[in-house]
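In case you want the letters, here they are:
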Amino acid sequence: MHIDIHSGLLDVARQVPSPNCDARPAGTSIDLLVIHNISLPPGCFGGDAIDCFFTNTLDVDADPFYSEISELRVSAHLLIQRDGAIVQYVPFTQRAWHAGVSCFAGRECCNDFSIGIELEGTDELPYEAIQYQVLRQLIDLLVQVYPGIRQDRIVGHSDIAPGRKTDPGPAFDWSKIRT
Ligand SMILES: [Zn+2]
């Protein structure tokens, strides 16, 4: 696995460019990693609905839930699917719109300075072993490229948006990524 520091692209990822991103504020260094979960429809795995959601092409007739979310303009840098395959929607150099209203250690707007990784899953269902393996490899790589992402700066969405967000949920076993 390799990250091209200029393009911000991960070589092993399937690239699905999302328009839901913009430039990071000038001079911002990347020093936070945010773990999320997503599945569409909730609890269903596979298919291309997440790709469609992050590229604003979700078919609202395909599921009742989609009409609730189809107007949202969101993304993440990466998705780790149930089988461990990685999708990249936004280059790390760009600001992905994953955290929303958020605060880490007194600093708001976490999208500015973070990388967002989605695990395909739910708060309650155990994640796959391969997802943890891939996430660990990714963390090792990201820490090399962005040394500001220290172990105590790897958090869940629920940590930076408490009361509003619950992912990655109780199903996420933090001991599997903390060394
Ligand atoms: Zn989230």
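Starting afresh in each chain, residues are numbered from 1 along the sequence in its written order. Local features are withheld for residues below a pLDDT of 70 in this predicted model, meaning they are given only at 70 or higher, and side-chain atom pairs are given and counted only at 80 or more; totals for whole chains, interfaces and linings count all residues.

*Asks:* I keep staring at unusual backbone geometry and nothing clicks. Help me out?
*Replies:* As a rule of thumb, non-glycine residues mostly have phi less than zero, and peptide bonds are mostly trans rather than cis. Residues Leu 40 and Pro 41 are joined by a peptide bond in cis, for which omega reads -15°. Per the convention used, a helix needs a DSSP run of H or I reaching at least four residues, while a strand needs a run of E reaching at least two, with both numbered from the N terminus. Here Pro 41 is to be found in the loop between strand 5 (32-38) and helix 1 (49-54). The omega angle of the peptide bond from Asp 167 to Pro 168 is 10°, so this bond is cis rather than trans.

*Asks:* Any chance you could explain helix 3 (residues 129-145) here in plain terms?
*Replies:* Think of an α-helix as turning once every 3.6 residues; residues three or four places apart then point the same way. Along its 17 residues, helix 3 runs 25 Å from first to last C-alpha, staying within 8% of the 24 Å computed at 1.5 Å per residue. All of the buried residues along helix 3 are Gln 131, Val 134, Leu 135, Leu 138 and Leu 142. Take helix 3 and look down its axis: the buried residues cluster within an arc of 100°, on one side only. Exposed residues lying more than 90 degrees from the buried face of helix 3 are Ala 129, Asp 140 and Gln 144. In this structure, the buried residues of helix 3 make contact with strand 5, strand 6 (78-80), strand 7 (86-88) and strand 11 (114-120). Expected span of a helix: the number of residues minus one, times 1.5 Å. Counting other C-beta atoms within 10 Å of a residue's C-beta gives its exposure: the residue is buried at 20 or more, exposed at 12 or fewer, and partly exposed in between, where C-beta atoms are placed from the backbone. Picture the helix axis, draw a direction to every C-beta atom, and the arc is the one those directions span. Whether two residues are in contact depends on their C-beta atoms, placed from the backbone: they are in contact if these lie within 7 Å.

*Asks:* Can you walk me through the nonpolar core in this structure?
*Replies:* As a rule of thumb, nonpolar side chains are buried together in soluble globular proteins. Put simply, a nonpolar core is buried Ala, Val, Leu, Ile, Met, Phe, Trp, Tyr and Cys residues tied into one set by C-beta atoms within 7 Å. Counting residues in each nonpolar core, the largest one holds 42 residues, and the members touching the most others are Leu 32, Leu 33, Val 34, Ile 50, Ile 80, Ile 117 and Ile 149. Only strand 5, helix 1, strand 6, strand 11, helix 3 and strand 12 (154-156) provide two or more residues apiece to this core. Ranked by residue count, the leading element in this core is strand 5, at 5 residues. Ignoring sequence-local partners within four residues, the contact set of Leu 32 consists of Phe 104, Cys 110, Phe 113, Ser 114, Ile 149, Arg 153 and Val 155.

*Asks:* Sorry, what's going on with the pairing of strand 5 here?
*Replies:* The two faces of a sheet get side chains in turn, since along a regular strand they alternate between them. Most of strand 5 is tucked away: 7 of the 7 residues are buried. Burial of the side chains of strand 5 extends over both faces: Leu 32, Val 34, His 36 and Ile 38 are buried on one face and Leu 33, Ile 35 and Asn 37 on the other.

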